[in-house]
Structure formats: C-alpha cells, structure tokens
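This is what each chain is made of:
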Amino acid sequence: MDQQLIDLQPLPQAQSDGRPLLIAGPCSAESPQQVLDTARALAQCGVQIFRAGVWKPRTMPGSFQGMGNEALPWLTQVKRETGMAVATEVATPQHVEAALQAGIDVLWIGARTTADPFAVQLLADALQGHPEVTVLVKNPVNPDLDLWTGALQRLYNAGLRRLGAVHRGFSVGRGGMYRNDPQWHIPIELRRRFRCLTIVCDPSHMGGSRDLIAPISQQALDMGFSGLMIECHCSPDQALSDPGQQLTPARLRQVLQGLTVRKVKEADEELSLLRRRIDACDDELVEILNQRMAVSRQIGQFKKHHNMPVLQTDRYSELMQRRVRQAEDHGMDGAFMQTVLQAIHEESVRQQVEIFKKK
Ligand code: PEP
Ligand code: MN
C-alpha cells in the first residue's frame with residue numbers, strides 16, 4: 001500500500017510563476033573548463049539547476065567512470081559564480097557524504113540505483129538529518145512503478161520532503177526509436193498517486209538522440225510534467241559520455257524557445273490524467289497485439305513447412321478456458337474475455353491461412 005507522501009514540499013529551486021523547472025548540464029563533469037564554460041552559457045538560458053555527473057554508472061568497465069571527488073569543487077564554483085543550484089548523481093553513502101560536504105544542493109539517484117532497494121536504503125540512511133537537501137529519484141531501469149515509489153518512500157521515511165522524480169524511460173529490450181521506452185502511463189500513474197510530487201522528464205536519456213529532445217520535451221510539457229532535465233555540453237561531440245544526446249547551450253536556447261507551455265486546469269486534471277492512462281494502455285495493447293500476430297505468423301510458417309493444419313481445436317479450447325479463468329480471477333466478465341479472444345483468434349487464423357495460400 002502506498003503511503004500518501006502528503007507533506008512533500010515544492011522544490012526550492014522551482015520557478016515561482018509555475019514555468020517549468022529547468023535542469024541542464026553535461027552528462028559528466030570532465031574538466032574545470034568544460035564545466036565552467038557550459039555552466040556560464042546555461043546560466044544565460046534561464047536554467048535553475050546545473051547538473052553534472054561526478055560518479056558515472058557505466059554499463060561497460062573501461063568506459064569513462066567520472067572524475068570523482070576531484071570534480072566537486074568545480075560544481076561549487078559554478079554555484080558561487082552563476083547562482084544556479086548544482087546537482088550530481090549519488091549511488092553510495094560515500095558519495096552522499098562527499099557531495100553534502102561540498103555543498104551540492106540537489107542529489108539524484110540514477111536509474112540503476114533506484115532498481116536496487118538495498119542501495120536506496122543506504123542512501124536514505126546517509127541522508128537522514130539533511131532535510132534541506134533536494135533529492136530527485138530517476139525511474140528504475142525496468143518498468144516497475146513500485147520500485148520507483150518504494151525509493152521515494154524510503155527517502156520520505158528518512159525525513160526528506162524536498163523530493164522529485166525524473167522520468168527517463170525504461171529499458172524494455174524492444175528496440176524502437178527510443179533509447180529508453182517512455183511508457184508514459186507509469187509516470188502518469190505516479191503523478192495521480194502523489195499529486196504534490198514534482199516530476200520532470202529527461203528527454204536526453206529517453207530519446208538517446210539530440211533530435212528527439214525537442215519533441216519529447218513538448219510531449220512531457222503537454223502531459224503536465226513540472227520540468228525538464230536536459231543534457232548539455234559546450235562541445236557535445238567531444239563528450240566523454242553520452243555524446244549523442246547532449247545539446248550545446250545555444251541549441252538548448254532554441255529548443256526552449258520552441259516549446260509551448262500550457263496551463264493545466266486543476267479541475268480537469270484528474271480526468272485528463274485518467275484519459276492519458278487509457279491512451280497509454282491502448283498504445284501498449286496495440287503493440288502487444290502486433291507482437292502476438294507476428295508470433296502467430298511464425299507458427300503459420302512452421303505448420304505449413306511441416307504440413308500441419310492451421311486449426312488445432314484442443315489447443316484453442318485450452319487457451320480459451322485458461323484466459324477466461326484468468327480474466328474472471330481479476331474480476332472481469334468471462335463472456336467479455338471470450339469475445340475478445342475469439343476476435344484475436346479469428347485474426348490469427350486469417351493471417352495463417354494467408355501464409356498457407358502463398359506459393
Ligand atoms: C545521467 O543522468 O547521466 C544518468 C546516468 O542517468 P540514468 O540513471 O537515467 O541512466
Ligand atoms: Mn548521461
């Protein structure tokens with residue numbers, strides 16, 4: 001059962017006029033020059049929080065792992081010089097301690113860490129007694145809303161109230177146009193459950209490509225997200241991590257100018273959140289049906305090759321009974337499920353027959 005997280009506070013870095021919270025900065029802090037050049041330009045674009053990874057969770061050993069403690073004073077200098085708040089990723093209690101010592105204002109928990117409740121609890125313990133810190137929790141790598149809310153609850157239970165969530169998409173192994181699949185219904189449900197939670201979208205990690213940053217950002221704003229976290233680098237092509245998904249500050253300015261911020265009316269919000277969830281579910285339904293039809297066609301090829309008939313009635317009635325029972329266990333109407341399955345089955349058979357007809 002979810003706790004309500006009722007007394008969450010608005011983030012102190014958020015804009016008071018309701019305009020989106022802007023978090024931007026390089027994937028990684030690489031050198032004092034790169035950090036400062038990028039930060040000075042971003043401060044001119046209206047960015048509130050400057051982000052830079054100091055300890056990088058890299059999938060492959062041997063890739064750039066971040067500059068570590070050495071980079072913390074560079075962020076402190078950004079804060080002093082530009083007035084922007086500064087943010088970095090923490091994955092261990094040692095990171096938390098070093099970051100707090102350096103005066104980092106905002107910590108974020110990365111997608112790989114959110115997926116590990118032991119690690120999140122260690123971070124929550126390390127943050128106990130620091131209610132002044134803003135902590136952003138990225139969604140876990142896998143599409144599991146409970147892991148995400150569980151991480152937020154562990155931090156809440158440690159006394160933190162300046163909490164936010166970052167939607168960066170999910171690794172679902174489906175291929176497709178995104179580096180990490182959005183599965184919008186998950187953050188939408190998060191929003192419905194915790195209405196005071198600040199949720200921002202990270203179009204860089206979601207899209208994995210510069211070209212997708214503008215359209216994803218617009219989509220997130222249209223869905224009522226509170227802000228954006230966008231990776232920016234003074235020379236993106238030379239970046240030591242994630243070069244393909246970082247914008248120059250000049251390009252960020254253009255992207256921001258092209259975005260339309262819509263005001264969402266409180267009263268309409270609940271209904272429109274539910275409608276967006278329905279849309280997201282239908283989206284998944286069509287994808288899943290498409291996958292099912294593809295498998296069905298493969299079976300058609302197999303049957304043709306082995307001279308088997310298209311229809312195998314035993315298999316069909318067994319499948320039908322099992323799914324009708326499953327539906328009823330969920331409290332759905334069995335007759336309804338039967339109608340749905342019949343329609344799906346008829347289409348599968350039609351597609352297999354087409355395969356048999358082909359020479
Ligand atoms: C990052 O923000 O640079 C990062 C590593 O993100 P994620 O945890 O979303 O992969
Ligand atoms: Mn990155």
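Check the entry above for the structure.
The sections below set out a description of the structure shown in this document. (Residues numbered from 1 in each chain as written. Chains lettered and ligands numbered in written order. Predicted model: local features only at pLDDT ≥ 70, side-chain atom pairs only at ≥ 80, totals over all residues. Heavy atoms only, no water.)

**Regarding the pattern of salt bridges**
- This structure, assessed with the given rule, holds 17 salt bridges.
- Of the charged contacts in the structure, one is a salt bridge between Lys79 and Asp105, with a shortest N-O distance of 2.9 Å. One end of the pair, Lys79, is in helix H2 (residues 72-82); the other, Asp105, is in the loop between helix H3 (93-101) and strand S4 (106-109), and 26 residues separate them in sequence.
- Owing to a relative accessible area of 31%, Lys79 belongs among the partly exposed residues under this scheme.
- The residue Lys357 makes a salt bridge to Glu354 at a minimum N-O spacing of 3.3 Å. Of this pair, Lys357 and Glu354 are both found in helix H13 (residues 334-357), three residues apart, which corresponds to roughly one turn of the helix.
- A relative accessible area of 60% means that Lys357 is categorised as exposed. (Salt bridge = Lys/Arg side-chain N within 4 Å of Asp/Glu carboxyl O. Helix = DSSP H or I, 4+ residues; strand = E, 2+ residues; numbered from the N terminus. Buried < 20%, exposed > 50% of the residue type's maximum accessible area, 1.4 Å probe, protein only.)

**A short note on the coordination of the manganese ion (ligand 2)**
- At this site the manganese ion (ligand 2) is bound by Cys27 (SG), His205 (NE2), Glu231 (OE) and Asp242 (OD), with donor distances of 2.1 to 2.4 Å.
- Binding-site remark: the manganese ion (ligand 2) is held by donors from one chain whose sequence spacing is C-x177-H-x25-E-x10-D. With a gap of 215 residues between them, Cys27 in the loop between strand S1 (21-25) and helix H1 (32-43) and Asp242 in the loop between strand S8 (227-231) and helix H10 (249-258) connect regions that are remote in the sequence. Comparing Cys27 with Asp242, the two get one shared label, buried. (Donors = N, O, S within 2.8 Å, 3.2 Å for Na, K, Ca; no water.)

**Regarding the pairing of strand S7 (residues 198-201)**
- The two faces of S7 match: Thr198 and Val200 on one face and Ile199 and Cys201 on the other face are all buried.
- The pairing of strand S6 (residues 163-167) with S7 spans four bridges and is classified as parallel. If you follow His167 over to S7, its bridge partner there is Cys201.
- Across two bridges, S7 lies against S8 in parallel orientation. Within S8, the residue paired with Val200 across the bridge is Gly227. (Pairing = 2+ DSSP bridges.)

Spatial relationships are all this shows, so hold off on functional conclusions.
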